[in-house]
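Examination of the molecular architecture
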Amino acid sequence: MSDASFALEAPEKPAAPSATGQLTLGGRKPRLPTEESPAVRRTLIGVAVGFLLLFLLAPLITVFSEALRHGLGAFLEAFADPDGWAAIRLTLLVAAIAVPCNLVFGVAAAWAIAKFEFRGKAFLITLIDLPFSVSPVVAGLIYVLLYADHGLFGPLLKEAHIRVIFAIPGVVMATIFVTFPFIARELIPLMEELGNTDEEAALTLGASPWRIFWTVTLPNTKWALLYGVLLCNARAMGEFGAVSVVSGHIRGLTTTMPLHIEILYNEYQFTAAFAVASLLASLALVTLGIKSYLEHKYAGELAAGHRH
Amino acid sequence: MAFTLAYLFAIVLLPIGALVVKASSLGFSEFVTLAGDPRTLAALRLSFLTSMAAAAFNVPFGLLVAWVLVRYDFPGRKLLDAMIDLPFALPTAVAGIALTALYAPNGYIGALAAKAGIKIAFTPFGVFVALVFVGMPFIVRTVQPVLAEVDREIEEAAATLGAGRLRAVISVVLPILVPSLLTGYALSLARAIGEYGSVIFIAGNIPYVSEIAPLLIVIKLEEYDYAGATAVAALMLAISFAMLLAINLIQAFARRRYGRV
Amino acid sequence: MDLIITGLTRQFGTNAALDGIDLSVASGELVALLGPSGSGKTTLLRLIAGLDFPTTGHLFIGGEDAVDKTVQERNIGFVFQHYALFKHLTVADNIAYGLRVRPRALRPDEKAIKDKVEELLALIQLPGHGGRYPSQLSGGQRQRVALARALAVEPRLLLLDEPFGALDAKVRKELRVWLREFHDRTGHTTLFVTHDQEEALDLADRVVVMSKGRIEQVGTPESIYDAPQTPFVFEFIGESARLPVEISGGKPYLGGQEVVAATLYGQARDGLGHLYVRPENVAYRPDGDGLWATVVSQHRSGSSRRIGFRADHTDTIIEAVTSADRDAPRVGSRAALEIRSAGLFAV
């Protein structure tokens, strides 16, 4: 019931508040039937905020306060450890392999699912989702079963002198497994929605498939893609359970940052553990920040119904 | 297309297949012996009970948080909304040591609880706290969009028919949210049962008391007991599939019942 | 029960969605609130229901000051534009809702509720549909269920917001006839909001025409159509030609010559003005006195024929409607127009 023309009309005949008596509802402020009373509202907000502070914010603050408990010097000292640097390097390496692999796969899978009709499509989507619903420990275990010395491919790998389990390839593969769905999940609904029309228009103009991909498909999906890469990267750097099972915890060689945190913590080097943890927590905060920004800015271009 | 299938095969199907092959090669009686081991049963029981309790705890609180975020405007609402995803984004190991530091007897909250005679860290209660942390966003994020789409007219309709505010919310809004609450519960539960990183630090990992099923897999692996680890994993995997199925059934039911009116 | 509204104003920020509304509705009347979107008609309906509160003003339901009562206390039946049925409840449970939420002391027993539901289902001609869910009903059926649900609580007033807005044309017409009969049978004091003039004129005992938060005219459908009191009502309801004229001594002049109308109404001070003429109030002859004009168009539309004239000393086209049997005048020929009834308003 808002019409711009009211603004022109209203001053002509202003309401006379005193003539009929300002509405008071017996001293109460009028409350709409779909609203709660201010007291109820304040209580609900208070409980919700309290709950979130206790369960969400308190752990986050703890990470930073524990890291800095013994001052900045102690915090920086934690990074003097060469094993710590090795863990950071390995984490970056793993993410640098896993994210591009899943990026290429995510785009290919979304393309295949959105553009073609084939039998077993639903099954394929379920498979893509699977790593989300498998415990990370189980994810690690299945790689052990495949590639460990007694595993399915164990003897084969031994002959070829390739180590997968308790070595970097295992860590990379386990990470790929757990971060596998992020990008594909973001792209599939979006590509299905975009449909074929834009691409068909480009085809009739004589563009090659590659050119269409680069000039039409990619620009249309770039924000969803970035969103997926962001989540994929956060998980790749932070994965613990799956990596823990396959890494063998060889210090300085197969320990990623989360595993390094575990080792430091179990050796009672709390400040050092929290110092490394604060790096990952910062990464998480940056991820959340960009994610919120993308959701806010490009809400329409991101697929609805995110599930992680 | 071929690439997609090949990649999927190598990364997902092959490993899962290996697990199934390994589990089935155990044979029924061996499987029962392994799965029936008291320590295994204790771990599974702990994982399930604490996960169900944490998910159940998260249902009312997640609903409350979703309600407050959707219906009210207050300073810091947007920030709070963004923070909901923290348990998704924060690496589990980081969450694990932070929760432990917080709830250990010398931590801020742990010390308070200790004064009241409650021990949180290194007990099943600690496991519960960690699982509340990891499971909370699932409920909030499944309920939030459904709540945002609830037509205010039905609340007004209830009011014109004489229903008080609380009555209207319970009898008219809540039923619409039930499918999403169930879905959120199932998602939260599925995640909690498999959760490892954020739990093992705070749990204390005392066999038969605070040892969770995923940890038992790790322990068995470290002892090169592949058969034992596989048996536990197969059980957990079966449960995960059952969860997925349940989620899909809930959603199908909701679509049928609440089809566009 | 009767309804009296005095000086009702509702401001949203600096905009007055409703601006000093005075209205009385007698017990058992069927009243239409008619206006374009943004006219404040839905706001008025919501204020009467207690779904929103006025900035100033009063309203009395059955002689009782209702302005500081909550929606629950007002006991009003409200049918929403999109019905707002509870999708998770069956039709029977939807209808019974208002009875079941009553405090225990006022709640009928289950048997009485069941009987009431059956009675209402019969009344809305949906017996045996109690076990269905709203999603299994057609649009018109949902509308009737919403009505039954509102009536179950025996409301003092029945308010309907665009009751036929979401239905297709055929169902709309059927339901309109049904609602009129239904009202005559049950006798509830009823207000309904519509933007469709045909619906309002067809159905209501009295029509309230609204524009920009104010009431333009209240009257029977006949008086609203035959004697619009404001330029807005003339332009909003029915068809009319608007002829720019000069007013002198209460009479319209075009090119210095008086335009004679058998019935002339409106409020006209001297100066520039507009003469509003409906097509069915224009007759033409090839000769004689009257407003001389040239035929510029003619076409047949069903059983009638419409002829367009350009009057001398103006560019405005005046239309006339005649029976299709009558021979059509040639385009370009001259004719004298006789105006039976017209509205005259100063600019």
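Here, the structure is the one placed above.
This report concerns the structure included in the present document. (Residues numbered from 1 in each chain as written. Chains lettered and ligands numbered in written order. Predicted model: local features only at pLDDT ≥ 70, side-chain atom pairs only at ≥ 80, totals over all residues. Heavy atoms only, no water.)

So, about the overall build of chain A. Secondary structure assignment for chain A yields 15 helices and 0 strands. Of all 308 residues assigned to chain A, the portion counted as buried reaches 50%. Within chain A, counting contacts between residues at least 6 apart in sequence, those at least 24 apart form 72% of the total. Within the structure as shown, chain A displays about 14,300 Å² of accessible surface, and the carbon and sulfur contribution to it stands at 65%. (Helix = DSSP H or I, 4+ residues; strand = E, 2+ residues; numbered from the N terminus. Buried < 20%, exposed > 50% of the residue type's maximum accessible area, 1.4 Å probe, protein only. Contact = heavy atoms within 4.5 Å. Areas by Shrake-Rupley, 256 points an atom, 1.4 Å probe, with all protein chains shown as cover.)

Residue and element names in this part refer to chain C. Pairing within the open sheet is mixed, and its 6 strands lie in the order 6-7-8-3-9-10. If you trace the sheet from one side to the other, it starts and ends with strand 6 (76-79) and strand 10 (214-219), each paired once. With direction set aside, neighbouring strand axes in the sheet form an average angle of 20°. With 5 bridges connecting them, strand 3 (residues 30-34) and strand 8 (residues 190-194) associate as parallel partners. Bridge pairing in strand 8 links Leu34 to Thr194. (Pairing = 2+ DSSP bridges. Axes fitted to C-alpha atoms, helices over the stretch in contact; angles between N-to-C directions.)

Right, let's get into the pairing of strand 3 of chain C. The side chains of a regular strand alternate, residue by residue, between the two faces of the sheet. Residues and elements named next belong to chain C. With 5 of its 5 residues buried, strand 3 lies for the most part within the structure. Across 4 bridges, strand 3 lies against strand 9 (residues 206-211) in parallel orientation. Counted as the bridge partner of Ala32 is Val207 from strand 9.

This part is about helix 3 (residues 91-100) of chain C. Among the 10 residues that make up helix 3 of chain C, 8 are buried, leaving the element largely enclosed by the rest of the structure. Buried within helix 3 of chain C we find Val91(C), Ala92(C), Asn94(C), Ile95(C), Ala96(C), Tyr97(C), Gly98(C) and Leu99(C). Where helix 3 of chain C is buried, its residues contact helix 9 (152-160) and helix 10 (165-194) of chain B together with helix 4 (110-123) and helix 5 (139-152) of chain C.

This part takes up the side chain of Ser211(C). Residue placement: Ser211(C) occurs in strand 9. When residues no more than four places from it in sequence are discounted, the contact partners of Ser211(C) are Ser39(C), Glu216(C) and Phe232(C).

Moving on, we come to the packing of aromatic side chains. Between two aromatic rings, the relevant description is the distance of the centres plus the angle of the planes. All told, the structure shown has 28 aromatic pairs over all chains when counted by the stated rule. Taking the centre distance of 5.4 Å and the plane angle of 80° together, the rings of Tyr265(A) and Phe201(B) count as edge-to-face. With Tyr265(A) in helix 14 (residues 257-266) and Phe201(B) in helix 11 (residues 197-203), the pair connects residues from two separate chains. Residue Tyr265(A) is classed as buried on the basis of its relative accessible area of 12%. Residue Phe201(B) is classed as buried on the basis of its relative accessible area of 7%. Here the guanidinium or amino end of Arg144(C) rests over the ring plane of Trp178(C), the centre of that ring lying 5.7 Å away. A cation sits over an aromatic face here: Arg326(C) above Tyr284(C), 3.9 Å from the ring centre. (Phe/Tyr/Trp six-rings, centres within 6.5 Å; stacked < 30°, edge-to-face > 60°. Lys NZ or Arg CZ within 6 Å of the ring centre and 35° of its normal.)

Before going further, it helps to examine the side chain of Thr183(B). Residue and element names in this part refer to chain B. Secondary-structure assignment places Thr183 in helix 10. Here Pro179 takes part through its backbone oxygen, which lies 2.8 Å from a polar atom of the side chain of Thr183. Sequence-distant contacts of Thr183, defined by excluding residues within four places in its chain, comprise Thr142, Ile247, Ile250 and Gln251. (Polar contact = N/O pair within 3.5 Å; in protein donor to acceptor, adjacent residues only side chain to side chain.)

Here the focus is the interface of chain A and chain B. Quoted interface sizes are often the accessible area lost when the parts come together. Across the boundary between the two partners, chain A contributes 80 residues, which contact 77 residues of chain B. Carbon and sulfur atoms supply 82% of the area buried between chain A and chain B, which totals about 7,100 Å² over both sides. The three residues of chain A that bury the most area against chain B are Phe51(A), Phe55(A) and Leu56(A), which together make up 9% of that side's buried surface. At the boundary of chain A with chain B, the tally comes to 2 salt bridges. The salt bridge partner of Lys291(A) is Asp85(B), with a shortest N-O separation of 2.2 Å. On inspection of chain A and its partner chain B, the count reaches 6 residue pairs in polar contact (both at pLDDT 80 or more). Among the secondary structure elements, those contributing two or more residues to the side of chain A that touches chain B are helix 3 (38-67), helix 5 (82-115), helix 6 (121-133), helix 7 (136-147), helix 9 (168-179), helix 13 (241-247), helix 14 and helix 15 (270-297) of chain A. Here the element with the most residues in the side of chain A that touches chain B is helix 3 of chain A; it accounts for 19 residues. In the side of chain A that touches chain B, the residues fall into 60 nonpolar, 12 polar and 8 charged. (Buried area = accessible area lost by both parts, 1.4 Å probe. Salt bridge = Lys/Arg side-chain N within 4 Å of Asp/Glu carboxyl O. Nonpolar A, V, L, I, M, F, W, Y, C, P; charged D, E, K, R; others polar.)

Our focus in this paragraph is a nonpolar patch on the surface. Residue and element names in this part refer to chain A. Together, Leu68, Leu72 and Leu76 make up an exposed nonpolar region whose accessible area comes to about 300 Å². Of note, Leu68 is situated in the loop between helix 3 and helix 4 (71-77). When its relative accessible area of 41% is taken as the criterion, Leu68 is described as partly exposed. (Patch = residues over 30% accessible without salt bridge, like charges linked within 9 Å, V, L, I, M, F, W, Y side chains within 5 Å.)

Quick look at the nonpolar core now. One finds Ile217(B) and Ile48(C) to be the most contacted residues of the largest nonpolar core, which totals 219 residues. Setting aside chain neighbours within four positions, we find Ile217(B) in contact with Val137(A), Val138(A), Leu141(A), Ala229(B), Val232(B), Ala233(B) and Met236(B). With 43 residues, the next largest nonpolar core counts Ala32(C), Leu121(C), Ala150(C) and Leu167(C) among its residues. (Core = buried A, V, L, I, M, F, W, Y, C linked by side-chain atoms within 4.5 Å.)

One number sums up the size of the second largest pocket: a volume of about 490 Å³. Along its surface, the second largest pocket is lined by 23 residues, and Tyr265(A), Tyr268(A), Phe270(A), Thr100(B) and Phe122(B) are the ones closest to its centre. Those elements giving two or more residues to the lining of the second largest pocket turn out to be helix 14 and helix 15 of chain A together with helix 6 (92-103) and helix 11 of chain B. (1 Å grid on protein atoms, 1.4 Å probe; cavity = no way out; pocket = protein on both sides within 12 Å on 5 of 7 lines; lining within 4 Å. Points joined across faces, edges and corners; volume = space filled by probe spheres on them.)

By the definition in use, this model includes 36 salt bridges over all chains. Between Arg69(A) and Glu66(A) there is a salt bridge, and its shortest N-O distance comes to 3.4 Å. Between Arg306(C) and Glu319(C) there is a salt bridge, and its shortest N-O distance comes to 2.9 Å. Highlighted residues: Arg306(C) in strand 18 (residues 304-311) and Glu319(C) in strand 19 (residues 317-323), separated in sequence by 13 residues. The class of Arg306(C) is buried, set by a relative accessible area of 15%. On the basis of relative accessibility, which here comes to 26%, the residue Glu319(C) falls in the partly exposed class. Several salt bridges share partner residues, and in doing so they unite Glu36(A), Arg71(B), Arg152(B), Glu155(B) and Arg165(B) into one network.

Below, the discussion takes up the sheet that holds strand 1 (residues 3-12) of chain C. Residue and element names in this part refer to chain C. Strand order in this open sheet of 4 strands is 2-1-4-5, and the pairing throughout is antiparallel. The open sheet has two edge strands, strand 2 (15-25) and strand 5 (64-65), and neither has a second partner. Bridging between strand 1 and strand 4 (residues 56-61) involves 5 bridges; their strand directions are antiparallel. The residue of strand 4 that forms the bridge with Thr9 is Thr56. The sheet strands contacting helix 1 (residues 41-49) are strand 1, strand 2 and strand 4, and the helix crosses strand 1 at an angle near 115°.

Over its 14 residues, helix 5 of chain C runs 20 Å from end to end, which matches the ideal 20 Å to within 8%, given 1.5 Å per residue. Across the 14 residues that make up helix 5 of chain C, a large majority, 12, are buried. As for helix 5 of chain C, its buried residues are in contact with helix 9 of chain B together with strand 6, helix 3, helix 4, strand 7 (157-161) and helix 6 (169-186) of chain C. Downstream of helix 5 of chain C by one or two residues, Glu154(C) has phi in the positive range, about 50°. (Expected span 1.5 Å × (residues − 1).)

We now examine the packing of helix 5 of chain A against helix 6 of chain A. All names here are of chain A. Helix 6 packs onto helix 5 with a crossing angle of 155° between their chain directions and a minimal axis gap of 11 Å. Judged by the inter-axis angle, helix 5 sits roughly antiparallel to helix 6. Handedness of the helix 5/helix 6 crossing: left-handed. On the side of helix 5, the interface is formed by Phe105, Ala109 and Ile113, while helix 6 contributes Lys121, Leu124, Ile125 and Ile128. (Parallel < 35°, antiparallel > 145°, perpendicular 65-115°, else oblique. Left-handed = near helix turned anticlockwise from the far one by under 90°.)

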